[in-house]
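Breakdown of the fold
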Amino acid sequence: MSAGKKVIRLDGHPEIVVGGLACVEIASFLAMSAGIFLLFCMMFPKGGCVYIMTNKMHTVFYTGVSSDITGRVWQHKNKFYPNSYTARYNCDKLVYYAFYPRIEEAIAVENALKGGNRKNKIKLVNSMNPEWRDLYDDLIR
């Protein structure tokens, strides 16, 4: 897009014109587009899951977020990305997950969990899954 041309409006205020459209017209279009996008998001929400994977001995944790939890856990279990953290440390056991209606919420919770300590993650897993069993089978049923 070319740089805008600065013009003076009849009321004396400066205005930028880009491609024949005043910034006010562009702003109106963007606001309308944002409104349509927001309406689309409200009609078709895309949530996300926060999850914790561990290894067989429960010595390593991996915290992640995904809008497709079953597919993502399948990737971890099958070492789809062989150089990833979960592949290197054999984190192939899903021990915790929680769904959030908006992916932004899930990402915020994931960041809080990643910033937290190991003890809090253990408490969280114990609250949902005291036997520490692999929850993946429950997901795919």
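Our structure's up above, just so we're on the same page.
Each value, and the rule that gives it
- Residues numbered from 1 in each chain as written.
- Predicted model: local features only at pLDDT ≥ 70, side-chain atom pairs only at ≥ 80, totals over all residues.
- Heavy atoms only, no water.
- Salt bridge = Lys/Arg side-chain N within 4 Å of Asp/Glu carboxyl O.
- Helix = DSSP H or I, 4+ residues; strand = E, 2+ residues; numbered from the N terminus.
- Buried < 20%, exposed > 50% of the residue type's maximum accessible area, 1.4 Å probe, protein only.
- Pairing = 2+ DSSP bridges.
- Contact = heavy atoms within 4.5 Å.

Turning our eyes to something else, we now look at the pattern of salt bridges. With the rule as written, the count across this model stands at five salt bridges. Salt-bridge contacts for Lys77 lead to Asp134; the nearest nitrogen and oxygen are separated by 2.5 Å. Here Lys77 is found in helix H2 (residues 69-77), whereas its partner Asp134 is found in the loop between helix H5 (118-128) and helix H6 (136-140), with 57 residues between them in sequence. With a shortest N-O distance of 3.5 Å, Asp138 and Arg141 are connected by a salt bridge. Classification of Asp138 as partly exposed rests on a relative accessible area of 28%. The class of Arg141 is exposed, set by a relative accessible area of 76%. Several salt bridges share partner residues, and in doing so they unite Arg133, Asp138 and Arg141 into one network.

Before going further, it helps to examine the pairing of strand E5 (residues 61-66). When you tally the buried positions in E5, you get five out of six residues, the bulk of the element. Sheet topology places strand E4 (residues 48-54) next to E5; six bridges connect them, and they run antiparallel. Paired with Val50 across the bridge in E5 is Val65. Taking the residues between adjacent antiparallel strands as the criterion, E4 and E5 are bridged by six residues, where His58 takes a positive phi near 60°.

You can see Glu110 is positioned in helix H4 (residues 103-115). Given a relative accessible area of 9%, Glu110 falls into the buried group. Sequence separation of Glu110 and Val65 is 45 residues, and the distance between their C-alpha atoms is 6.4 Å. Look past the residues within four positions of Glu110 in its chain and what remains in contact with it is Val50, Thr63, Gly64 and Val65.

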